[in-house]
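For reference, the chains in residue letters:
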Amino acid sequence: MTQTAPHLSSALDEETARAELYGLIAELFYASPAPALLAQLRVAATEAPASGGFLEEPWRALVGTARDMDDASIQREHEALFGGVGKPEVYVYASHYLSGFLNEKPLAQLRTDLAALGLTRDAASMSETEDHVSYLMEVMRFLVAGDDVAVSNLTQQAKFFAVHVQTWVLGLCDVLQANPRARFYAALAELTRAFVSVETQGFDMLA
């Protein structure tokens with residue numbers, strides 16, 4: 001059995017952690033968290049889930065909040081913030097933050113860029129439009145962890161992130177943290193904010 005070089009192993013671990021964090025954020029925003037997911041979160045180690053101490057405190061806060069709240073309270077919070085009939089308290093769509101309206105030009109541009117990556121939304125499994133924060137986080141996870149290096153590479157990550165994540169996700173975090181109903185999701189917003197900041201710095205170093 002060949003040994004992996006230490007520096008390469010560390011790099012691979014970091015990429016795995018990045019992909020997992022994108023995936024976790026996507027799952028928590030998409031629907032009321034399942035009990036199994038919350039149970040895993042509550043027993044998670046409270047050190048940084050990705051390389052860089054900047055994430056450690058918001059990660060610890062999210063895990064601590066999950067431990068302090070029961071499943072039903074977290075699920076009710078998700079429904080209160082993002083669900084309901086008609087206008088939600090908090091929008092999770094890029095077009096709303098970038099244009100002030102849903103289903104506008106930012107969504108059309110996103111669909112063009114997704115098509116260039118060979119990606120399409122499965123309407124049977126996802127009723128929301130592609131500019132939902134969870135869909136965008138899942139695309140980033142794919143661009144980090146996918147097997148096709150022609151698509152899943154740092155260049156594509158940086159390009160997609162700059163256009164479709166960095167431009168608006170901090171605005172979503174601001175709205176969530178200002179909402180008096182948000183407790184678990186305010187903690188998730190702070191982790192998301194920190195992660196977006198770390199990713200922004202990392203991509204800026206590539207420029």
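A brief report on the enclosed structure follows. (Residues numbered from 1 in each chain as written. Predicted model: local features only at pLDDT ≥ 70, side-chain atom pairs only at ≥ 80, totals over all residues. Heavy atoms only, no water.)

### A look at the packing of helix α9 (residues 169-178) against helix α10 (residues 184-206)
Here is the rule: Every axis corresponds to a line fitted to the C-alpha atoms, with the helix fit spanning only the stretch in contact, and the corresponding angles, defined between N-to-C directions, vary from 0 to 180 degrees. For the purposes of this entry, the term helix denotes a DSSP run of H or I that reaches at least four residues, the term strand denotes a run of E that reaches at least two, and both are numbered from the N terminus. Each angle gets one of four labels, with under 35 degrees taken as roughly parallel, over 145 as roughly antiparallel, 65 to 115 as roughly perpendicular, and the rest as oblique. The handedness criterion is simple: a crossing whose near helix is rotated anticlockwise from the far helix by less than a right angle is left-handed, and one whose near helix is rotated clockwise is right-handed. Residue contacts are counted whenever heavy atoms from the two residues lie within 4.5 Å of one another. Under this grouping Gly is polar, as are all residues other than the nonpolar Ala, Val, Leu, Ile, Met, Phe, Trp, Tyr, Cys and Pro and the charged Asp, Glu, Lys and Arg.
At a minimum axis separation of 9 Å, α9 and α10 run at an interaxial angle of 155 degrees. Judged by the angle between their axes, α9 and α10 are roughly antiparallel. Where α9 crosses over α10, the handedness of that crossing is left-handed. Seen from α9, the contacting residues are Val-169, Leu-170, Cys-173, Asp-174, Leu-176 and Gln-177; seen from α10, they are Tyr-185, Ala-186, Ala-189, Glu-190, Thr-192, Arg-193 and Val-196. Considering only residue class, the contact of α9 with α10 consists of eight nonpolar, two polar and three charged.

### Section: the side chain of His-164
Heads up, the rule is: N or O atoms within 3.5 Å of each other form a polar contact, as long as, within protein, one can give a hydrogen and the other can take it, and as long as residues adjacent in sequence are counted only when both atoms are side-chain atoms.
Tracing the backbone shows His-164 in helix α8 (residues 154-164). Here the side chain of His-164 touches Asp-113 through a polar contact of 2.7 Å, side chain to side chain. Every residue in contact with His-164, bar those within four places of it in the chain, is listed here: Gln-109, Leu-110, Asp-113 and Leu-136.

### Regarding the packing of aromatic side chains
Spelled out, the test is: Each aromatic pair joins two rings of Phe, Tyr and Trp (for Trp, the six-membered one) with centres within 6.5 Å, and gets the label stacked for planes under 30 degrees apart, edge-to-face for over 60, and tilted for any other angle.
Considering all chains together, one arrives at seven aromatic pairs under this definition. Here Phe-29 and Phe-82 contribute two aromatic rings whose centre-to-centre distance is 6.0 Å and whose plane-to-plane angle is 70 degrees, an arrangement assigned as edge-to-face. One end of the pair, Phe-29, is in helix α1 (residues 6-30); the other, Phe-82, is in helix α4 (residues 71-82), with 53 residues separating them in the sequence. Each member of the aromatic cluster is reached from another via a ring pair, and the members are Phe-29, Phe-82, Phe-184 and Tyr-185.

### Observations concerning the pattern of salt bridges
As a reminder of what qualifies: Put simply, a salt bridge is a Lys or Arg side-chain nitrogen that is within 4 Å of an Asp or Glu carboxyl oxygen. Working definition: with a 1.4 Å probe on protein chains only, accessible area under 20% of the residue-type maximum means buried, over 50% means exposed, and in between means partly exposed.
Taken as a whole and judged by the stated rule, the model has eleven salt bridges. With a shortest N-O distance of 2.8 Å, Arg-42 and Asp-71 are connected by a salt bridge. Here Arg-42, found in helix α2 (residues 35-42), pairs with Asp-71, found in helix α4; they are 29 residues apart in sequence, far enough to count as distant. With relative accessibility at 22%, the residue Asp-71 sits in the partly exposed group.

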